[in-house]
2 protein chains.
Amino acid sequence: MEAALLLIGNELLSGKIQEANLAHLAHTLRKHGVALRRSVMVPDELPIIEAEVRGLSRSYTWLFTSGGVGPTHDDVTMVGVARAYGVDVILHPQLAAMIRARYGDRCSEGHLRMAMVPAGAALETSTGTVPPTTAGGAAEAPDEWPAVRIENTWILPGVPEAFRMKLEIVAATLRRSGGGPAFVSLAVYTQLDEAGLIPALEQVVAAHPQVEIGSYPKWFDPTYRTKLTFDGRDETVVRAARDAFVALLPPGEPQRIE
Amino acid sequence: MEAALLLIGNELLSGKIQEANLAHLAHTLRKHGVALRRSVMVPDELPIIEAEVRGLSRSYTWLFTSGGVGPTHDDVTMVGVARAYGVDVILHPQLAAMIRARYGDRCSEGHLRMAMVPAGAALETSTGTVPPTTAGGAAEAPDEWPAVRIENTWILPGVPEAFRMKLEIVAATLRRSGGGPAFVSLAVYTQLDEAGLIPALEQVVAAHPQVEIGSYPKWFDPTYRTKLTFDGRDETVVRAARDAFVALLPPGEPQRIE
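Residues numbered from 1 in each chain as written. Chains lettered and ligands numbered in written order. Predicted model: local features only at pLDDT ≥ 70, side-chain atom pairs only at ≥ 80, totals over all residues.

## What to know about the overall build of chain A
Now for step 1: Across its full length, chain A carries nine helices and 13 strands.
Now for step 2: C-alpha atoms of chain A, sized along the principal axes, occupy 75 × 40 × 30 Å.
Now for step 3: Within the span of chain A, comprising 258 residues, buried residues form 46% of the whole.
Now for step 4: If you take every contact in chain A between residues at least 6 apart in sequence, the share linking residues at least 24 apart comes to 71%. (Helix = DSSP H or I, 4+ residues; strand = E, 2+ residues; numbered from the N terminus. Buried ≥ 20, exposed ≤ 12 C-beta atoms within 10 Å, placed from the backbone. Contact = placed C-beta atoms within 7 Å.)

## Considering the interface of chain B and chain A
By a widespread convention, an interface's size corresponds to the accessible area lost as its parts come together.
Now for step 1: Each partner contributes to the interface: chain B provides 48 residues, whereas chain A provides 48 residues.
Now for step 2: Of the residues forming the side of chain B that touches chain A, the biggest block, eight residues, is contributed by helix H8 (residues 194–207) of chain B.
Now for step 3: The residue inventory of the side of chain B that touches chain A, partitioned by class, reads 20 nonpolar, 16 polar and 12 charged.
Now for step 4: Sheet topology places strand S2 (residues 35–42) of chain A next to strand S2 (residues 35–42) of chain B; three bridges connect them, and they run antiparallel. Note that in S2 of chain B the partner of Met 41 of chain A across the bridge is Ser 39 of chain B. (Nonpolar A, V, L, I, M, F, W, Y, C, P; charged D, E, K, R; others polar. Pairing = 2+ DSSP bridges.)

## Observations concerning the relation of the copies chain B and chain A
Note that the two copies of the chain are related through a rotation about an axis and a translation along the same axis.
Now for step 1: Superposing chain B onto chain A requires a rotation of 180 degrees together with a translation of 0.0 Å along the rotation axis, leaving an RMSD of 0.0 Å. Each copy turns onto its partner about a two-fold axis. Minimal C-alpha separation from the rotation axis in chain B is found for Val 40 of chain B, amounting to 2.2 Å.
Now for step 2: Of the interface residues in chain B, 100% have counterparts in chain A that sit at the interface too, so the contact is made through matching surfaces. (Least-squares fit on C-alpha atoms with pLDDT ≥ 70 in both.)

## Examining the sheet that holds strand S12 (residues 226–232) of chain B
Residue and element names in this part refer to chain B.
Now for step 1: Pairing is antiparallel across the open sheet formed by four strands, whose spatial order is S11-S12-S10-S13. The open sheet has two free edges, formed respectively by strand S11 (212–217) and strand S13 (256–257), since each of these has just one partner strand.
Now for step 2: Across two bridges, strand S10 (residues 184–190) lies against S13 in antiparallel orientation. Bridged to Val 188 within S13 is Ile 257.
Now for step 3: Packing against the sheet, H8 makes contact with S11 and S12, and its axis sits at approximately 175 degrees to S11.
Now for step 4: Of the strands in this sheet, S10, S11, S12 and S13 are in contact with helix H9 (residues 235–247), which crosses S10 at around 10 degrees. (Axes fitted to C-alpha atoms, helices over the stretch in contact; angles between N-to-C directions.)

## Some details on the packing of helix H3 (residues 46–59) of chain A against helix H4 (residues 77–84) of chain A
All names here are of chain A.
Now for step 1: H4 packs onto H3 with a crossing angle of 50 degrees between their chain directions and a minimal axis gap of 8 Å. What the angle tells us is that H3 and H4 run oblique. Regarding H3 and H4, the two cross each other, and that crossing is right-handed. Taken together, the residues of H4 that come into contact with H3 (itself represented by Leu 46, Ile 49, Glu 50, Val 53, Arg 54 and Ser 57) are Thr 77, Val 79, Gly 80, Val 81, Arg 83 and Ala 84.
Now for step 2: Classifying every residue of the contact of H3 with H4 by side-chain character gives six nonpolar, three polar and three charged. (Parallel < 35°, antiparallel > 145°, perpendicular 65-115°, else oblique. Left-handed = near helix turned anticlockwise from the far one by under 90°.)

## Here's the deal with unusual backbone geometry
Peptide bonds are trans in most cases, and residues, glycine excluded, mostly fall at negative phi.
Residue and element names in this part refer to chain A.
Now for step 1: Residues Glu 253 and Pro 254 are joined by a peptide bond in cis, for which omega reads -5 degrees.
Now for step 2: In this fold, Pro 254 is placed in the loop between helix H9 (235–247) and strand S13 (256–257).
Now for step 3: If you check the backbone angles, Glu 151 has positive phi at about 50 degrees while not being a glycine.
Now for step 4: Following the sequence through the fold, Glu 151 ends up in the loop between strand S8 (147–150) and strand S9 (153–156).
Now for step 5: Glu 151 sits in the partly exposed class, given 16 other C-beta atoms within 10 Å.
Now for step 6: Despite not being glycine, Phe 220 shows a phi value in the positive range, around 60 degrees.
Now for step 7: One can find Phe 220 in the loop between strand S11 (212–217) and strand S12 (226–232).
Now for step 8: When the 6 C-beta atoms within 10 Å are taken as the criterion, Phe 220 is described as exposed.

## Some points on the sheet that holds strand S10 (residues 184–190) of chain A
Strand pairing in a sheet relies on backbone hydrogen bonds. The paired strands run either parallel or antiparallel.
All names here are of chain A.
Now for step 1: The strand order S11-S12-S10-S13 describes an open sheet built from four strands, whose pairing is antiparallel. With partners counted over all chains shown, the strands left at the sheet margins are S11 and S13, one partner each.
Now for step 2: Across six bridges, the pairing between S11 and S12 is antiparallel. Residue pairing across strands places Glu 212 opposite Asp 231, the latter belonging to S12.
Now for step 3: The strands that helix H8 (residues 194–207) touches are S11 and S12; relative to S11, the one it contacts most, it runs at about 175 degrees.
Now for step 4: Strands S10, S11, S12 and S13 of the sheet are contacted by H9, whose axis makes an angle of about 10 degrees with S10.

## Overview of the pairing of S2 of chain B
All names here are of chain B.
Now for step 1: The element S2 is largely enclosed, with a buried count of seven among its eight residues.
Now for step 2: Across seven bridges, strand S1 (residues 2–8) lies against S2 in parallel orientation. Bridging across to S2, Ala 3 finds its partner in Leu 36.

## Digging into helix H7 (residues 160–176) of chain A
All names here are of chain A.
Now for step 1: With 17 residues, H7 extends 24 Å between its outermost C-alpha atoms, agreeing within 8% with the 24 Å of an ideal straight helix rising 1.5 Å per residue.
Now for step 2: If you check which residues of H7 are buried, you get Phe 163, Lys 166, Leu 167, Ile 169, Val 170 and Thr 173. Seen from one end, H7 has its buried residues packed into an arc of 165 degrees, which puts them on one side. Residues of H7 that are exposed and point more than 90 degrees away from the buried face comprise Glu 161, Arg 175 and Arg 176.
Now for step 3: Lining the buried residues of H7 we find helix H2 (22–31), strand S3 (62–66), strand S6 (122–125), S8 and S9.
Now for step 4: A positive backbone phi angle near 90 degrees is found at Gly 178, which sits one or two residues after H7. (Expected span 1.5 Å × (residues − 1). Arc of directions from axis to C-beta.)

## Quick notes on the environment of Asp 234 of chain A
Residues and elements named next belong to chain A.
Now for step 1: Structurally, Asp 234 is set in the loop between S12 and H9.
Now for step 2: What makes Asp 234 partly exposed here is the crowd of 13 C-beta atoms within 10 Å.
Now for step 3: Along the primary structure Asp 234 and Leu 123 are separated by 111 residues, whereas in three dimensions their C-alpha atoms are 34 Å apart.

Given below as C-alpha cells:
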C-alpha cells in the first residue's frame, strides 16, 4: 500500500505559497498503513499534469492530486487527469445540483465549471460512494461536499482548509476498505552528535532490517543535538530496535525517548 | 534558465518534518531570473536518488538536492549523485582539512565522512570556486564552509539553517555568472469570487500571453476573497496586464494592489 502525491501550482513553485498539504496527507495515510513514497510538484500546465498522473497512477496504489481545481483559466487539473485516463471532462449532474442549490439565482456558468469532472469519476463522501443518478431520474445531491476520485486517483483541492476536509473522506474510505495497521513511530533524543552515534547506529540498523531508522541533527536546540527515529508496521519490532539503541548509549543519555 | 529541486528524506515523506527549503530556493532563483519548474520528493534510497539526479540534471539548467548529506547510514545523497555521474565518492582534501581543523583531536572517521563527495565535485564559496589542491601541496581550507557542486548539480544540506547559508553561495554564483533579470511579481486582492472574475480574467489572459496570471481563492480572510497574481520577466508587460485587469473590475474594487 504505497501512495504518491502530485502537487500542482505555479504559486507553490514560485515560493509565494508555502506547501502545507503533504504532511497532513502523510499522517492520514500512515494511520491506515499506507506509506507516501513520492511527491512531485509541477506547474499549472496540462501536458505535464497529464503525463504525471498517467505515470504515478500506474506505479502506486493511490495517487492524490492537490490544486488546480477551481473555475479559472489556471485550473487545469480536471482536464489533465481526464486526459491521463483517456476520457472527457463532463458536467457531473449531482455536483451541478449541489452547486445550483448553493448559489441559487447567482449560479453562473463559472460556478458550474466546478462541477466538471473526468467522465467515470466517482463522488466519495464519509459514508461511501454517492450512487450515480439513474437514467431519467433527478440528480440527487449528497449531504456533504464530496471528494472526486477516478480509479485510484483522488483529485483534491489545493486550499489547505479544503484539502483537510477532503482528507476526512479519504480516511473514512481507507477505514472501510480495511487498510493496514498504522505505522508505529518512536524516537530518541540525544546530546551526542551524529558522528559519535555511528557505531551504535550501524549495529542497530544491521540487527533490525524491518525498522526504518533515521538520524536528524538539530541546530540551535538546547535540549538535544540529534533525533533518532524508529519506524515500522510492527510495534514490537520497532520498540525492540529503539530499546537496543538506547542500551548502547553512554551514561546520562538519552535526553528523552518517545 | 530553469531549475529543479530534489528533496531527499523519509522524514519529509512521513510528514514528521515540514518541508521548509523549497520556497527559499525559489525566491533566490527568481531574483536571478531562474524559474524553479519541478520539485520531486523521494525517500533516502540510493537507486531512486541516482535515477532522479540523472534525469533532472539532464533536463534542467540547474539541479539542487536538499538532504541526506550527513555521516550516518541514511545519508546516501553523495553516493547517489556520484553514481548518477558515473564517478566514485572520494575524500575531498580541502573539506577534510576543514573538518580536521574544526574537530581537532575529537575528529573521528565519522566526522570525516562529511568530507566525502563525488569525484570531480567543486567547492563553491561566496567569492568563487575553491582552487584544487596542487599535487604534493598541502590541502588549503577556504575561509567559509563551501557548497558542493558537480557539473550543474548543487548538493545542499537538508537542515533549513544550513540550506539557507548555502543559498547565499548559490546567489553569489548566479550573480557572478550574470544570470537573467529578476522575475517581477504583482498582485491584486478582491472581494469578488473566482467565478465572477472569469470574464475579466479570460480577456486579460488572452491579451497578455507573456504574463503568467494566477487566481487564488482565500478562505477565512476578511480582507479579500481572491488574490490575482501577475508574473513575468518584463516589468512593463507585467504591470500592463495587472492594470488592464484592475480597469475591468467594478466600482469599489480592488481592495488592494501590489
